[in-house]
Amino acid sequence: MTLKVWLEIVQQAAAGSGALLMAALKQAQVTVARRHDGEEGAGIVLFAEADAALLQALPALCRHASVLAIAACGRFPSCAQQRALMAAGALDVLLWPAGSVDAAQVLARLQRWQAVAQLLASNAVRQHLVGDSAAWTALLHQVVEMAAFSQASMLITGETGTGKDLLAQLVHRLGNCRGDFTILDCTTLSPELAGSELFGHERGAFTGASGARDGAFALADGGVLFLDEVGELPLPLQAQLLRAIQERKYKRVGGNTWQPTQFRLVCATNRELEDEVARGAFRADLYYRIAGWRCQTPPLRERQDDILPLARHFLAELGQRPAPPLDAAVREYLLLRDYPGNVRELRQTVTRIWHRHCGPGPITIGALPPEERLLAPLWPDQHFEAAVRRALAQGCKLSHITRCATDMAIRLVLAEEHGNNQRAAARLGVTDRALQIRRKAAACATSSLTPAPPAAKNCHP
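Source: prediction; values computed, not measured. (Residues numbered from 1 in each chain as written. Predicted model: local features only at pLDDT ≥ 70, side-chain atom pairs only at ≥ 80, totals over all residues. Heavy atoms only, no water.)

Asker: How would you explain the overall build of the protein chain if you had to name every residue and give the values?
Answerer: Of regular secondary structure, the protein chain possesses 19 helices and 12 strands. Taken along the three principal axes of its C-alpha coordinates, the protein chain extends 85 × 65 × 40 Å. Buried residues in the protein chain amount to 39% of all 461 residues. In the protein chain, once contacts between residues fewer than 6 apart in sequence are set aside, the share between residues at least 24 apart is 70%. Summed over all atoms, the accessible surface of the protein chain reaches about 24,700 Å², with 53% contributed by carbon and sulfur. (Helix = DSSP H or I, 4+ residues; strand = E, 2+ residues; numbered from the N terminus. Buried < 20%, exposed > 50% of the residue type's maximum accessible area, 1.4 Å probe, protein only. Contact = heavy atoms within 4.5 Å. Areas by Shrake-Rupley, 256 points an atom, 1.4 Å probe, with all protein chains shown as cover.)

In structure tokens, the structure reads:
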């Protein structure tokens, strides 16, 4: 597996360690390349001091790359500074004494990150879990890593309709399981039949048991057992479940023989189980048993960049490949509509629109629900207001808010137009020249935060 990484020395005091690290990486057959803006991959940032300039420059360096930050001059950052580096986008922080280089530490992280990146780009992920928003990408990165490199039990929490079941299926696909993916919906378990559903039963164990039957624990042997809406389990059943999970063996209802089973446990719930534990509605020992690793799915309102890609994905699934394009009015409707039911509701909305669409060409405003097609969505909406409110609460000034909004709009449009300056300028309502000047100014502002090598020329706006 060929490894490629870029190396950025942001403070000249770390240059000596940088030369040693480059030599060690090359000896380990790692390609050290020049960093290019917007290029995905892995990167290393060497620094001497976690100052404000570094924390300001780091988000741009981490925007498209998995970045390892290394304090390489013996002036170790404090715990608070390390947390700030992580918050700025670094995936890990290493602390090296002056003159010390540990290439094995770096190599292990690069190999893991590359393996995770390859899985994220694979059909096993991309064909089933659509979206490139920051919140969704960060979640997938965690789930993929834990699914492929551990056997820990997993608890997936989040609002209804956010894709918890899809993540559970992903764990099964990436976990190299020899067994099946077994689903048990805890909302359907009645006290009378719960034991049979979980553990199976012997013939004649109760009225109507005309034959022996395997339960979920037997069916999941060697695979994944997915307990959906685990927060709905009644307390007596929680106790039975805990014992079976701890001991990895069970008895069928009406049986006397202990049956072994080995499976990976994945649970999902839309409840806050910590609150349920606090009020005595969920066993604390069971909670800690099932939450070996925990993640929370973001609601659709926190991943609005994914609305249109998801809509196109659903349209393709409904029967046309490639999916028909969406007129501006339809895109506006989908982007500004509220989705209390999250992705599940978006799918239902797209399905209704699809059924009304006919003929070739794009999907037009006439395909929208009659009662909603004439409504004028408001913008700025509540999400924009919330973003500005957070910025003000953090002490941001008007000039900073304006600059950030402008820079983000430019970045998003350029990405959608694949870097074409002329088309991006037309969409933004500015001249080609004005957009070029703005892009150059933004690039210089970013580069000024990173000290240039002695031979480099200064950048002037």
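Asker: Can you break down empty space enclosed by the protein residue by residue, with the values?
Answerer: A full pass over the atoms with the stated rule returns one cavity of 30 Å³ or more. Within this model, the largest cavity holds a volume of roughly 30 Å³. Forming the walls of the largest cavity are Ala311, Leu315, Leu326, Leu334, Val350, Ile353 and Ile363. Looking at the lining of the largest cavity, the elements with two or more residues in it are helix H13 (307-317) and helix H15 (342-356). Residue composition of the lining of the largest cavity, grouped by class: seven nonpolar, no polar and no charged. (1 Å grid on protein atoms, 1.4 Å probe; cavity = no way out; pocket = protein on both sides within 12 Å on 5 of 7 lines; lining within 4 Å. Points joined across faces, edges and corners; volume = space filled by probe spheres on them. Nonpolar A, V, L, I, M, F, W, Y, C, P; charged D, E, K, R; others polar.)

Asker: Please provide a residue-by-residue account of the sheet that holds strand S3 (residues 41-47), values included.
Answerer: Whenever strands of a sheet pair, they do so through backbone hydrogen bonds, lying parallel or antiparallel. Pairing is parallel across the open sheet formed by five strands, whose spatial order is S2-S1-S3-S4-S5. This sheet does not close on itself; its edge strands, each paired only once, are strand S2 (30-33) and strand S5 (92-95). Within this sheet the neighbouring strands show an average axis-to-axis angle of 30°, counted without direction. With four bridges connecting them, strand S4 (residues 65-71) and S5 associate as parallel partners. Across the sheet, residue Ala69 finds its bridge partner in S5, namely Val93. (Pairing = 2+ DSSP bridges. Axes fitted to C-alpha atoms, helices over the stretch in contact; angles between N-to-C directions.)

Asker: Talk me through the side chain of Asp306; I want residue IDs and the actual numbers.
Answerer: If you trace the backbone, Asp306 turns up in the loop between strand S12 (293-296) and H13. In this structure Asp306 comes out as buried when scored by relative accessible area, which is 1%. A distance of 2.8 Å separates a polar side-chain atom of Asp306 from the backbone nitrogen of Asp132. Once residues within four sequence positions are removed from consideration, Asp306 is found in contact with Gly131, Asp132, Ser133 and Trp136. (Polar contact = N/O pair within 3.5 Å; in protein donor to acceptor, adjacent residues only side chain to side chain.)

Asker: How would you sum up the pattern of salt bridges? Please name residues and give values.
Answerer: A complete count under the given rule lists 23 salt bridges for this structure. Across the salt bridge formed by Arg252 and Glu202, the nearest N and O atoms sit 3.6 Å from each other. Highlighted residues: Arg252 in the loop between strand S9 (249-251) and strand S10 (258-260) and Glu202 in the loop between helix H8 (194-199) and helix H9 (216-219), separated in sequence by 50 residues. Taking relative accessible area as the criterion, Glu202 reaches 27% and is therefore assigned partly exposed. For Glu416, the salt bridge identified is with Arg427, shortest N-O distance 2.7 Å. (Salt bridge = Lys/Arg side-chain N within 4 Å of Asp/Glu carboxyl O.)

Asker: Which residues make up unusual backbone geometry, and what are the values?
Answerer: Even without glycine at this site, Gln29 takes up a positive phi of about 65°. Note that Gln29 resides in the loop between helix H1 (15-27) and S2. The exposure class assigned to Gln29 is exposed, which follows from its relative accessible area of 69%.

Asker: Tell me about the sheet that holds S12, and please be specific about residues and values.
Answerer: Here we have five strands laid out as an open sheet, ordered S7-S8-S11-S6-S12, and parallel in their pairing. Looking at the sheet topology across the chains shown, the edges are occupied by strand S7 (181-185) and S12. Between one strand axis and the next, the sheet turns through 20° on average, direction left out of account. Pairing geometry for S7 and strand S8 (residues 224-228), over five bridges, is parallel. From the neighbouring strand, Leu184 faces S8, where its bridge partner is Leu227.

Asker: Describe in detail the packing of helix H17 (residues 398-416) against helix H18 (residues 421-428), supporting the description with residues and values.
Answerer: As a packed pair, H17 and H18 sit with axes 9 Å apart at the nearest point and diverge in direction by 130°. By the angle between their directions, the pair H17 and H18 is classed as oblique. Seen along the crossing, H17 lies across H18 with a hand that is right-handed. Counting all contacts with H17, which are made through Ala409, Ile410, Val413, Leu414 and Glu416, the residues of H18 involved are Asn421, Ala424, Arg427 and Leu428. Here the residues of the contact of H17 with H18 sort into six nonpolar, one polar and two charged. (Parallel < 35°, antiparallel > 145°, perpendicular 65-115°, else oblique. Left-handed = near helix turned anticlockwise from the far one by under 90°.)

Asker: So, the packing of aromatic side chains: which residues are in play, and what are the values?
Answerer: Under the definition given, this model contains six aromatic pairs. Between the aromatic rings of Phe217 and Phe263, the centroid separation amounts to 5.2 Å while the plane-to-plane angle is 85°, which identifies the pairing as edge-to-face. Here Phe263 lies in the loop between S10 and strand S11 (264-269) and Phe217 lies in helix H9, a separation of 46 residues in the sequence. Of the two residues, Phe217 and Phe263, neither departs from the other in class, the shared state being buried. With centroids separated by 5.2 Å and ring planes inclined at 70°, the aromatic side chains of Tyr287 and Tyr288 adopt a geometry described as edge-to-face. Classification of Tyr288 as exposed rests on a relative accessible area of 61%. Members of the aromatic cluster, each reached through a chain of ring pairs, are Phe199, Phe217, Tyr250 and Phe263. One residue, Arg35, lies across the ring of Trp6, its end atom 5.6 Å from the ring centre. Across the ring face of Phe263, the terminal group of Arg248 is positioned such that the distance to the ring centre comes to 4.5 Å. (Phe/Tyr/Trp six-rings, centres within 6.5 Å; stacked < 30°, edge-to-face > 60°. Lys NZ or Arg CZ within 6 Å of the ring centre and 35° of its normal.)

That is the geometry; function is a separate question.
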